[in-house]
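Fold and geometry: a report
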Amino acid sequence: MTLRFRNLAAVGSTAHGSQIDEFLTTEIDGEKWTCIRPTRRLSRLEFDVKSKGFCQVPVVLFNSSPAACHLDDENRVWYSNLPEPHEIATSFLLADDWLSDRLAERRFVFDAIKTQVDAIHATLEADYVKTEAVVEHLRAWKELCTEAFPYMFLVLTIDDLVLHLAQRWIDRQCSPGQRTELLAQVCRSVYVRNAIANNAIPRLSKSLQFPPSQLFRSIGYIDRSIFLRSEALANVIARCEVWHKAQTILHVTERASLAFQLSEENFHVMGSLTTACENLLYRFSLSVAPEAPTEFANRYRDLTLEECVADIQSRSTRRKT
Amino acid sequence: MKGIGACPGKRNGPVYIFEASVAVPDKKIGALADYIIAFNGAFTPRRVIDARSCIAILARGGGFTCHAASIARELNIPCVVGLGRMFDNLVDGNMATIDGSTGLVEVEK
């Protein structure tokens, strides 16, 4: 199957609504560094929790050498040696075996995250939260972020490209209005439906916040047959006079639907983990500084995970003695 | 004016502009059942849920796959996002007609 990517870089804005020119690039000693979505700022703690995962992206996705990343003075994350979006998009669209393997690995990691979120909820539901449990959950947070980030990155930079490609193929067969109807039918997610039903919507900001948001569980799965239930797609396919064209439209629509669902899964599942860990830190802060837990918890934003753990352990020991 | 159609459906009604930076009581949002709600600024998924009784949604920002647009689709609320500077043509209380399929918005002056 031949799919062309040229001109994709000329898309004025992403389907998320953020401008592509928000991607910053610079060169240091001949090495290209990129800042993806520079408006997103990470605290020192979040960077420490996620940075190993950032570096693992090329290793996990393409078995190549690790990326490098650093946090600048304005708390923006810069990367070098990350796979190019077009490289990932090409694999996502055309390398079926590669994609199946990555999705199977991703499923394993995301299921582990859901289990971990349940474990944190169970800890928080208890009357007394043991320090050992807090420490264990915080370390698991970092491990899971390290494992999950490469699979999050799988769609982070390409969902808009894939959607745009699908739009271009669909546009050849129908009007813009019919195209919106079609994409509105295939860009659906079980996570979103369940989140609305359970009033469990993650907040938009991925940064740590204290006091924390309300705990929630993300309930859902990737439904790869959603696109097949689209009447609008069936009508478009029926109008195709050439089988090759119908086959391509089906293929890119399926991948656009998949990319959309993976992106929503990122948002809902990772949001539930971040919120759970925020609640964990806040609960501990409440126990040691009940008069000002928010200020106390905010201190942790400027520490690394192991510095947080050391602080929690030392305060817990002092409390016991 | 034209934005990005994010959820199909045609609706006509008065516009109510929500400023992202201003907190709006839940009761007030719930009482806007016959309005087209226009979000100026952060267009969060939570806000869409709060405004679920409205007849349609407009937004200055966002794109087809933004989380808030995906919630509008799930709730089957016609939605046009990404109006950008054209959003400034909207006036509180004025009637508008939106087409969530084509992204077209007509404002009656």
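Residues numbered from 1 in each chain as written. Chains lettered and ligands numbered in written order. Predicted model: local features only at pLDDT ≥ 70, side-chain atom pairs only at ≥ 80, totals over all residues. Heavy atoms only, no water.

Residue and element names in this part refer to chain A. All told, the structure shown has 9 aromatic pairs over all chains when counted by the stated rule. Between Phe47 and Phe54, the aromatic rings sit 6.5 Å apart at their centres with planes inclined by 50°, giving tilted as the arrangement. Here Phe47 matches Phe54 in class, with each residue buried. Aromatic side chains Phe54 and Phe149 sit 4.4 Å apart centroid to centroid with 75° between the ring planes, which places their arrangement in the edge-to-face category. Separated by 95 residues along the polypeptide, Phe54 in helix α1 (residues 44–55) and Phe149 in helix α5 (residues 131–156) bring together distant segments of the chain. With respect to burial, Phe54 and Phe149 carry one shared label: buried. A connected cluster of aromatic rings, assembled from ring pairs, spans Phe47, Phe54, Tyr79, Phe149 and Phe153. (Phe/Tyr/Trp six-rings, centres within 6.5 Å; stacked < 30°, edge-to-face > 60°. Buried < 20%, exposed > 50% of the residue type's maximum accessible area, 1.4 Å probe, protein only. Helix = DSSP H or I, 4+ residues; strand = E, 2+ residues; numbered from the N terminus.)

Quick look at the environment of Phe210 of chain A now. All names here are of chain A. Note that Phe210 resides in the loop between α8 (190–197) and α9 (231–239). Under the relative-accessibility criterion, Phe210 is labelled buried at 9%. In this structure, the C-alpha to C-alpha distance between Phe210 and Tyr282, residues 72 residues apart in sequence, is 7.1 Å. Sequence-distant contacts of Phe210, that is, excluding residues within four places in its chain, are made with Glu278, Leu281, Tyr282, Thr294, Ala297, Asn298 and Arg301. (Contact = heavy atoms within 4.5 Å.)

Another aspect to go through is the pairing of strand β6 (residues 95–99) of chain B. All names here are of chain B. Of the strand pairs in this sheet, strand β2 (residues 10–19) and β6 are connected by 5 bridges, and their pairing is antiparallel. Its bridge partner being in β6, Asn12 is matched across the sheet by Thr97. Pairing analysis gives 3 bridges linking β6 to strand β7 (residues 105–107), with the strands arranged antiparallel. By the bridge assignment for β7, Ile98 is matched with Val105. Hairpin connection from β6 to β7: 5 residues lie between these consecutive antiparallel strands, with Gly103 at a positive phi of about 85°. (Pairing = 2+ DSSP bridges.)

What follows covers the confidence of the model for chain A. One rule of thumb: low pLDDT means the predicted coordinates there are not for detailed reading. Chain-level pLDDT for chain A is 90 on average; 92% of the residues reach the 70-or-more range. Across residues 4–13 of chain A, confidence stays below pLDDT 50; counting only partners more than four residues off in sequence or on other chains, it has 20 contacts. (pLDDT = per-residue confidence, 0-100.)

All names here are of chain A. The contact between helix α6 (residues 159–171) and helix α7 (residues 176–186) brings their axes to 10 Å, and the two run at 135°. Classified by the angle between their axes, α6 and α7 sit oblique to one another. Note that α6 runs across α7; the crossing there is right-handed. Note on element contacts: α7 touches α6 through Arg179, Leu182 and Leu183, opposite Leu163, Gln167, Ile170 and Asp171. In terms of residue class, the contact of α6 with α7 is made up of 4 nonpolar, 1 polar and 2 charged. (Axes fitted to C-alpha atoms, helices over the stretch in contact; angles between N-to-C directions. Parallel < 35°, antiparallel > 145°, perpendicular 65-115°, else oblique. Left-handed = near helix turned anticlockwise from the far one by under 90°. Nonpolar A, V, L, I, M, F, W, Y, C, P; charged D, E, K, R; others polar.)

This next bit is on the packing of α5 of chain A against helix α10 (residues 243–288) of chain A. All names here are of chain A. It is at 11 Å that the axes of α5 and α10 come closest, and there the two elements cross at 165°. Classed by the angle they form, the pair α5 and α10 counts as roughly antiparallel. Note on packing geometry: the crossing formed by α5 with α10 is left-handed. Contact residues: Val134, His137, Leu138, Trp141, Leu144, Cys145, Ala148, Met152 and Val155 in α5; Ala259, Leu262, Ser263, Asn266, Met270, Leu273, Cys277, Leu280 and Leu281 in α10. Residue composition of the contact of α5 with α10, grouped by class: 15 nonpolar, 3 polar and no charged.

All right, on to the interface of chain A and chain B then. It is common to report an interface's size as the accessible area lost on association of the parts. In this assembly, 24 residues from chain A lie in contact with 23 residues from chain B. Across the chain A/chain B interface, buried area totals approximately 2000 Å², and carbon plus sulfur atoms make up 64% of it. Looking at the side of chain A facing chain B, the largest losses of area belong to Thr180, Ile196 and Ile201 of chain A, adding up to 25% of the total buried there. Run the count over chain A and chain B and you get 1 salt bridge. For the interface between chain A and chain B, the tally reads 6 residue pairs in polar contact (both at pLDDT 80 or more). Per element, the largest residue contribution to the side of chain A that touches chain B is 6 residues, and it comes from α7 of chain A. (Buried area = accessible area lost by both parts, 1.4 Å probe. Salt bridge = Lys/Arg side-chain N within 4 Å of Asp/Glu carboxyl O. Polar contact = N/O pair within 3.5 Å; in protein donor to acceptor, adjacent residues only side chain to side chain.)

Core analysis: the largest hydrophobic core is formed by 119 residues, its most contacted members being Trp141 and Leu273 of chain A together with Phe43 of chain B. Sorting elements by how many residues they give to this core places α10 of chain A first, with 17 residues. Each residue touching Leu273 of chain A, except ones within four places of it in the same chain, is listed here: Ile113, Gln116, Val117, Ile120, Trp141, Leu144 and Cys145 of chain A. Core analysis: the second largest hydrophobic core is formed by 14 residues, Ile17, Ile55, Leu83 and Val105 of chain B among them. (Core = buried A, V, L, I, M, F, W, Y, C linked by side-chain atoms within 4.5 Å.)

Looking now at the pattern of salt bridges. When the charged atoms of two side chains lie near each other, side chains of opposite charge can form a pair. Residues and elements named next belong to chain A. For the coordinates displayed, the defined rule picks out 22 salt bridges over all chains. Note that Arg44 is salt-bridged to Glu307, the shortest N-O span being 3.1 Å. Taken together, the residues Arg44 in helix α1 and Glu307 in helix α12 (residues 305–320) connect sequence positions 263 residues apart. The network of salt bridges with common partners includes Arg41, Asp72, Glu74 and Arg76.

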